[in-house]
Amino acid sequence: MNKNAKWAAGPYLLWMVVFVIVPLILIGVFAFTTEAPFDLEGNRLTDEEATLLIETEGEDAVVNKTVFTLNHLFEVSEYLPVLLKSAWLALIATAICLIIGYPMAYFMSRFRKEWQRVIQMLIMLPMWMNFLLRTYAWMTLLEKNGWINRFLGLFNIGPFNMINTQGAVVLGMIYNYLPFMILPLYSVMLKIENTTIEAAQDLGAGSIRVFTKVVIPLSMPGIASGITMVFVPAVSTFIISRMLGGGTNMLIGDLIDLQFLGNAYNPNLGAAISLVLMVFIILCMSITNQLDNGDEEMEGKMI
Amino acid sequence: MKNLGRRIYIALVFLFLYAPIAVLIVNSFNASKSRSVWGGFTFDWYRKLLMDETILKSLVTTLVVALIASVISTILGTAAAIGIFNMKKNWRSAILNISYLPIMNPEIVTGVSLMLLFVSMKLSFGYLTLILAHVSFCVPYVILNVLPKLRQMDKHLVEAALDLGCDRWQAFWKVTVPEIMPGIVTGFLMSITYSVDDFVISYFTHGSKAQTLSITIYSMTRRKVSPKVNALSTLIFVVVLIILIIVNVADVKKNSPKKPKKKAKGKKAAALAMTVLCLIPCLAFGISADSPYSDSVDWNKFRDQGVEINVYNWGEYISVDEGEDGDFDTIAEFEKLTGINVNYTTFASNEELYAKLKSGGFTYDVIIPSDYMAGRLINEGMVQKLNFDNIPNISWIDEKFLGSAFDPENEYTVPYTWGYVGIIYNKTLVDPEDDVNTWDILWNEKYAKNILMFNNSRDAFAIAQFKNGFSVNSADDKELETAAETLREQKPLVQSYVMDEIFDKMGGGEAALAPYYAGDAVTMMEDNPDLGFAVPREGFNYFIDAMCIPTGATHKEAAEMFINFMCETEVALKNIEYICYSTPHTAALELLPDEIRNNPVFYPTDEELSRAEAFNALPKTATKTIDSLWTDIMSNTGSIPWLTPVFLVVCIGVALYINIRRVQKNKRKNEI
């Protein structure tokens, strides 16, 4: 409409550079650098030499400088198994979310309009309760002396050991991210007209064939965005694993937290792990994008 | 029949979604403090909620941040959407792809990257950083919602308006804005929702001065969530439910064909209601009484000057008002006495304190690290010398505790409490035949998955070192390796690595054995009479926690006044009674009841204490070794150094391949 209108994006572009691009570059910078001690003539010292020099000549004899290094990246290798474990748990959680969410979204989309709104509202409502509290409430349910074991105890079943297991972590992921699977699925299901299904049936397709040849292909974009929206937060979660996994099931998110605000302060290593995580996620998203051959831009994906 | 099956399925999904919420709501009426025992119906938590300053303050912070961030994001995002819409296609998709990064990236990466940015910009963490961070993840949602509305809009409308004599501004305000309004409102609402619900990004960008509700709840989940929070979330739940019902009823009633617009109206109502909700908790706090504190100090020196100090302490390490008679609220008393505003926040381990200080974004005026950490902070120049003229109450502190190895001249620290580590065990779960007076019991396979362990490196290593007969101050690589190996052997037996969570877990009978601090053991034994405490004969760690002032403190003198206040006999007494540690304060010790003063758990005999060993600050290299060994133990992994580069190359390669193929495929499609 108006050529000058594009300048309206100016302030945001500036914002984007400062608060989106620069921070990501900083992660790269931190991942490839480290603080190393130097003496006053500019010679690199080892840690032992530095301690020695400080002892003999005082604090001022050693200056710390930032230097390029690949060491952190090598260090991350130790933690790749943690990344793979996180990815594995997140994958299970995503699969279960899809299995639970798919029929849910389909049923939802076939209800009367008023009911659809109510159900949609009821799915969003839990998101208004603080997510830490919801997860904490799961602790109350799953503990050895928790509600579920007490309930089962009434029938002399159990007690089961549910908390502090990988299963509990997966459950926490499913619980917290299930709405992110249902809602995008629901929005594509809405677009599948009943007439399309009827047409398939008229042409002789049984209900299984209708499902595999019509419903699933048409809901592919929803599946793709649902998977992304569950998998990405699940793989990088750090608090669910601590609360429900008891700290023995450390995930990649915990590892990053540990390096920044946790017990093993090392932001450079933390940045390196974040970088690896980011690349891994880009890969995963490229794969899920394959599922969806639709629009080139991502609009409408996020509900 | 088919419908019945569907309904059951949907009902089951909702049962799953709402089970924990039912737990929250039920527990908000539960008179018992325990989460899983019903102690009768009560409204008490709602009453106490209204008196809890920390929770209400963080609620206000959450809402203020959400509101400001959403308004900024809405304006910024709408302008951006209009701009982007008018760009050439290539530019448009490039910019869109970048702007979606904050929502497509893992939250933790966004959080960490913003934290690094703020640290390098030398911004101090607080409201500003929180709002900036929230805006940066809210804007994409606004763009996402406004852009489609611009697409749907009939381009000729604006031209028509221009033809009819509007200038460009008028056309914009009278035509474009009303057309895209539903998108703007939805974007605003989504921003508020995500901002209120956000934890991860706030966690990395909040400061001591601005804590959102999520952060406050997070610091509670490490110990025990107060039922007051359940009450609060029940209230929020009810309010949101009512808003949604009103919105929906309004929509259904109107039921007109022009649905989007009506929807927007309902949403506007929701936005308004949300704003009102923001104002609810702004309640007044007022208290008054007279002062029992020493008059040699001019407590009023900083009154009415808007002075604010940040105090950073261990969780549950100061007397607070829990709504019972006779409770002493240390912070409120200090604020009342001096007119200085206190931001009180807590940490769970010395290492966490160190990380926060070292990262540079957090300003604290008073911190309370343990001996070895105080030593490390002194060595690294991160705390400053105290002016003892402002802390005359140092004279009450027992000489025995002054001039310890970590601060030999006693220039930097004022001891707050002391204590030692022993084993807490549940008598009903531990075989009476077994010897609990040894660390070996924590390696006993009989108690597999029933053992809790320290979730901090230094304390955990110390136990392994005692077990192996090493010194806890050893910097010897081999000894540290052996200790790490010992801890690795223990890992399969450990139920959970805990710090403050231990109160909840031992108190609730979730585990049989755990090493912890003697003072806390007494607190837990009061909650759960089945618990016992044992002192291992191999030796144990003895510690002093001391108050210091970090180098970056903004109000050193006010901070010293706080430290002096903490050494007032009355205050020291109340605090030590509350936290149940042992006190170095001579006058407070005199005033303690005999059964505490003579209780060997609090004040062990000199003979027992002779087996104790205190932590010293370790050389940097040893600290590094411990940190990396600890990370290894927690993530139990082996190492192949070239794995990451290969992994990265493969990931990038595959991603590139997939995307290039996709682009080519699309091109071919377009050609056809």
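Residues numbered from 1 in each chain as written. Chains lettered and ligands numbered in written order. Predicted model: local features only at pLDDT ≥ 70, side-chain atom pairs only at ≥ 80, totals over all residues. Heavy atoms only, no water.

### A few points about the overall build of chain A
- Across its full length, chain A holds 13 helices and two strands.
- For a compact globule of 303 residues, the expected C-alpha radius of gyration is about 19 Å, and chain A comes in at 26 Å, more than 25% above that figure.
- Judged by the C-alpha coordinates and their principal axes, chain A covers about 90 × 75 × 30 Å.
- When burial is assessed residue by residue, chain A has 57% of its 303 residues classed as buried.
- Across chain A, contacts joining residues at least 24 apart in sequence account for 71% of those joining residues at least 6 apart.
- Accessible surface for chain A amounts to roughly 12800 Å². Of this, 65% is attributable to carbon and sulfur atoms.
- Across chain A, the mean location of the 17 positive side-chain charges is 19 Å away from that of the 24 negative side-chain charges. (Helix = DSSP H or I, 4+ residues; strand = E, 2+ residues; numbered from the N terminus. Rg over C-alpha atoms; globule rule 2.2 N^0.38 Å. Buried < 20%, exposed > 50% of the residue type's maximum accessible area, 1.4 Å probe, protein only. Contact = heavy atoms within 4.5 Å. Areas by Shrake-Rupley, 256 points an atom, 1.4 Å probe, with all protein chains shown as cover. Lys, Arg positive; Asp, Glu negative; His and termini not counted. Charge placed at Lys NZ, Arg CZ, Asp CG, Glu CD.)

### A closer look at the interface of chain B and chain A
- Taken together, the contacts link 147 residues of chain B with 121 residues of chain A.
- In this assembly, chain B packs against chain A so that about 12400 Å² is buried in total across both faces, 71% of it on carbon and sulfur atoms.
- Looking only at chain B, the three residues that lose the most surface to chain A are Phe16(B), Arg35(B) and Met104(B), adding up to 6% of its buried area.
- Counting across the chain B and chain A interface gives zero salt bridges.
- Counting across the interface, chain B meets chain A through 12 residue pairs in polar contact (both at pLDDT 80 or more).
- Looking at the side of chain B that touches chain A, the element that brings in the most residues is helix α1 (residues 2-28) of chain B, giving 16 residues.
- Split into classes, the residues belonging to the side of chain B that touches chain A amount to 82 nonpolar, 36 polar and 29 charged. (Buried area = accessible area lost by both parts, 1.4 Å probe. Salt bridge = Lys/Arg side-chain N within 4 Å of Asp/Glu carboxyl O. Polar contact = N/O pair within 3.5 Å; in protein donor to acceptor, adjacent residues only side chain to side chain. Nonpolar A, V, L, I, M, F, W, Y, C, P; charged D, E, K, R; others polar.)

### Looking at the domain arrangement of chain B
All names here are of chain B.
- Each assigned domain of chain B is listed with its residue range as follows: domain 1 (53-225), domain 2 (298-639) and domain 3 (641-672).
- Once you take the C-alpha centre of each, domain 1 and domain 2 turn out to be 41 Å apart.
- Between domain 1 and domain 2, the contact holds 17 residues from the first and 21 residues from the second.
- Buried surface at the junction of domain 1 and domain 2, both sides included, amounts to about 1600 Å², of which 47% is carbon and sulfur. (Domains from an automatic or database assignment.)

### Concerning a negative patch on the surface
- A cluster of acidic residues, Glu48(A), Glu49(A), Asp476(B), Asp477(B) and Glu481(B), forms a negative patch at the surface.
- Those elements that place two or more of their residues in the negative patch are α2 (47-57) of chain A together with α18 (477-490) of chain B.
- Positionally, Glu481(B) belongs in helix α18.
- Of the residues examined, Glu481(B) reaches a relative accessible area of 43% and is grouped as partly exposed. (Patch = residues over 30% accessible without salt bridge, like charges linked within 9 Å, V, L, I, M, F, W, Y side chains within 5 Å.)

### Quick notes on a positive patch on the surface
- A grouping of Arg661(B), Lys665(B), Arg668(B) and Lys669(B) is seen on the molecular surface, where their side chains present a positively charged patch.
- Looking at where Lys669(B) falls in the secondary structure, it is placed in helix α27 (residues 643-671).

### Re the nonpolar core
- Residues Phe199(B), Phe204(B), Phe461(B) and Leu513(B) are the most contacted members of the largest nonpolar core, which totals 316 residues.
- Setting aside residues up to four positions removed in sequence, Phe199(B) forms contacts with Phe131(A), Leu132(A), Phe238(A), Ile239(A), Ser214(B), Ile215(B) and Tyr218(B). (Core = buried A, V, L, I, M, F, W, Y, C linked by side-chain atoms within 4.5 Å.)

### Considerations on the confidence of the model for chain B
- On average, residues of chain B score 84 in pLDDT, and 91% of them are at 70 or above.
- Reported confidences for the modelled complex are a pTM of 0.83 and an ipTM of 0.89. (pLDDT = per-residue confidence, 0-100.)

### Details of the environment of Ile563(B)
Residue and element names in this part refer to chain B.
- In this fold, Ile563 is placed in helix α21 (residues 556-566).
- Counting along the chain gives 459 residues from Ile563 to Met104, while the straight-line C-alpha distance between them is 46 Å.
- Sequence-distant contacts of Ile563, defined by excluding residues within four places in its chain, comprise Val366, Leu386, Ile391, Val414, Met547 and Ile549.

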